[in-house]
Structures are given as structure tokens and as C-alpha cells.
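For reference, the chains in residue letters:
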Amino acid sequence: MRLSARVDYALRATAELAAVADDAGAARSRPVTAEQIARAQGIPPKFLESILLQLRRGGIVHAQRGPEGGYWLARPAAEISLAEVIRVIDGPLAHVRGQRPEQLGYQGAAQALQDVWIALRASEREILDLVTVADVASGALPERISELAADPRAWS
């Protein structure tokens with residue numbers, strides 16, 4: 001799986017916003033400026049601005065202009081999956097040559113590849129839908145994720 005820099009930055013920005021949400025898990029505590037997020041995560045500020053605009057249009061964050069302005073999560077972080085953020089930024093999870101796996105037409109000996117790509121997408125979804133922005137921000141990942149990451153084969 002290859003994730004774009006936009007997705008990486010979007011996930012880091014949403015985790016940063018989740019970290020400042022109040023203890024009750026409310027979506028909003030105080031607005032955080034793009035500059036604060038960029039500085040905290042080492043993200044180029046101009047690039048982050050366009051990512052935050054996409055996240056706002058996708059319903060992940062809200063924004064407020066002005067001296068008290070900034071960004072905050074549109075919903076509690078526990079209700080925002082990593083998959084949702086990825087889809088807002090880059091579209092559907094698994095594509096082969098720009099097409100959805102079910103739209104591919106393999107022939108002969110390669111026919112089973114379509115099932116492999118569909119299974120890969122299902123596996124990605126299973127993980128990315130399971131993990132929320134709150135999980136990432138708190139560092140308390142679901143047990144299944146921790147098990148997978150603890151397997152030495154996962155690191156090579």
C-alpha cells in the first residue's frame with residue numbers, strides 16, 4: 001500500500017486536532033490554527049492549508065476565520081476512521097491502474113488477480129475502518145492492530 005504525502009499529512013493533522021479535543025471526546029474544544037498544526041507535525045504550512053480545505057469540504061473538520069479562528073474536528077475523534085480521512089483526501093482505497101478492482105477484466109491465467117485485489121482492499125478496509133483518529137492521538141490502538149504490528153514479519 002502506498003499512501004500519498006497528502007494522506008500522511010491529513011492523518012497527522014487530524015490526530016493533532018484530536019489531541020486538543022476536550023476530555024469528554026467532544027469534537028470541539030478550541031480552534032487550532034493551521035500554523036500550530038504545521039509546526040507541531042512538521043508539515044509545510046501552505047500544503048497543509050489545502051489539505052485542511054479538503055478535510056473541511058469532506059466533513060472531517062470545521063473552520064472559523066478571524067483572530068479566534070482555526071480548525072477543529074467536525075465530530076468526536078472516536079467517530080472518524082482513518083479510512084474516512086484517506087477517502088476524503090485520495091478517494092477509494094484500492095485502485096489498480098486507476099480502476100476499482102471489480103471493474104477489471106483479467107483473462108486466462110491472470111483471472112484470479114481480480115480476487116486478490118478485492119481481498120487486498122477488504123483487508124485494508126478492515127484495518128483502516130477499525131482504527132480511529134482518537135486511537136492514533138491517544139496511542140491506544142485496537143488490540144488487533146497491536147498484534148499485527150508486533151509480528152516481526154510486518155516490519156520487513
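The residue numbers shown here count from 1 along each chain, following its written sequence. Local features in this predicted model are restricted to residues of pLDDT 70 or higher, and side-chain atom pairs are both shown and tallied only at a pLDDT of 80 or more, whereas totals for entire chains, interfaces and linings draw on every residue. The side-chain values count all of the structure's non-hydrogen atoms but skip hydrogen atoms and water molecules.

### Here we look at the overall build of the protein
Working step 1: Regarding its fold elements, the protein presents seven helices and two strands.
Working step 2: Helices and strands appear in the protein in the N-to-C order α-α-α-β-β-α-α-α-α.
Working step 3: Summarising its shape, the C-alpha atoms of the protein cover approximately 65 × 30 × 25 Å along the three principal directions.
Working step 4: By element, 53% of the accessible surface of the protein is carried by carbon and sulfur atoms, the whole surface being about 9300 Å².
Working step 5: Between the centroid of the 18 positive side chains of the protein and the centroid of its 19 negative side chains there is a distance of 8 Å. Runs of H or I in DSSP of at least four residues are treated as helices and runs of E of at least two as strands, each being numbered from the N terminus. Computed with the Shrake-Rupley method and a 1.4 Å probe, the accessible areas treat only the protein chains shown as cover for residues. This count recognises Lys and Arg as positive and Asp and Glu as negative, with His and chain-terminal groups excluded. Where a charge lies is defined by one atom per residue type, namely NZ (Lys), CZ (Arg), CG (Asp) and CD (Glu).

### A word on helix α3 (residues 45–57)
The periodicity of an α-helix, 3.6 residues per turn, causes residues three or four places apart in sequence to face the same way.
Working step 1: Between the first and last C-alpha of α3 there are 18 Å, a value that for 13 residues agrees with the 18 Å anticipated at 1.5 Å per step.
Working step 2: When we look at burial in α3, the residues that qualify are Leu-48, Ile-51, Leu-52 and Leu-55. On an axial view of α3, the arc spanned by its buried residues comes to 105 degrees, and they lie on one face. Across from the buried face of α3, at angles greater than 90 degrees, the exposed residues are Lys-46 and Arg-57.
Working step 3: Throughout, a contact is declared for two residues whenever any of their heavy atoms are within 4.5 Å. Tucked into the core, α3 has its buried residues touching α1 (5–20), α2 (34–41), β1 (61–64), β2 (70–73) and α4 (82–90). To estimate how far a helix should reach, multiply one less than its number of residues by 1.5 Å. Think of it in three bands: with a 1.4 Å probe and only protein chains considered, a residue is buried below 20% of the maximum accessible area for its type, exposed above 50%, and partly exposed in between. When we speak of the arc, we mean the arc of directions from the helix axis to the C-beta atoms.

### Concerning the side chain of Thr-14
Working step 1: Along the polypeptide, Thr-14 turns up in helix α1.
Working step 2: Of the residues examined, Thr-14 reaches a relative accessible area of 0% and is grouped as buried.

### Thoughts on the environment of Ala-137
Working step 1: Structurally, Ala-137 is set in helix α6 (residues 133–138).
Working step 2: Spatially, the C-alpha atoms of Ala-137 and Leu-52 are 18 Å apart, while their sequence positions differ by 85 residues.
Working step 3: Those residues in contact with Ala-137, other than ones at most four positions away along the chain, are Ala-15, Ala-18 and Ala-19.

### Quick word on the packing of α4 against helix α5 (residues 113–130)
Working step 1: Comment: axis = line fitted to C-alpha atoms, over the contacting stretch for helices; angle = value between 0 and 180 degrees taken between N-to-C directions. At a minimum axis separation of 6 Å, α4 and α5 run at an interaxial angle of 110 degrees. With respect to α5, the element α4 is oriented roughly perpendicular. Contacts between α4 and α5 involve Leu-82, Ala-83, Ile-86 and Arg-87 on the former and, on the latter, Arg-125, Leu-128 and Asp-129.
Working step 2: Asp, Glu, Lys and Arg are counted as charged, while Ala, Val, Leu, Ile, Met, Phe, Trp, Tyr, Cys and Pro are counted as nonpolar; the rest, among them Gly, fall into the polar class. Looking at the contact of α4 with α5, its residues break down into four nonpolar, no polar and three charged. Each angle is binned into one of four classes, with values under 35 degrees roughly parallel, values over 145 roughly antiparallel, values of 65 to 115 roughly perpendicular, and all other values oblique.

### Some points on the pairing of β2
Working step 1: Here β2 shows a buried face lined by Gly-70 and Trp-72 and a second buried face lined by Tyr-71 and Leu-73.
Working step 2: When DSSP finds two or more bridges between a pair of strands, those strands are recorded as paired. Where β1 meets β2, four bridges bridge the pair, whose relative direction is antiparallel. Looking across to β2, one finds that His-62 is bridged to Trp-72.

### Overview of the side chain of Thr-132
Working step 1: Here Thr-132 lies in the loop between α5 and α6.
Working step 2: Ignoring sequence-local partners within four residues, the contact set of Thr-132 consists of Ala-77, Ala-78, Ile-80, Ser-81 and Leu-82.

### Thoughts on the environment of Asp-129
Working step 1: Relative to the elements of secondary structure, Asp-129 occurs in helix α5.
Working step 2: Using a relative accessible area of 38% as the deciding quantity, one classes Asp-129 as partly exposed.
Working step 3: On a C-alpha basis, the gap between Asp-129 and Ser-81 in space is 5.3 Å, while along the polypeptide they are 48 residues apart.
Working step 4: Beyond its immediate stretch of four places on either side in the chain, Asp-129 contacts Ser-81, Ala-83 and Arg-87.

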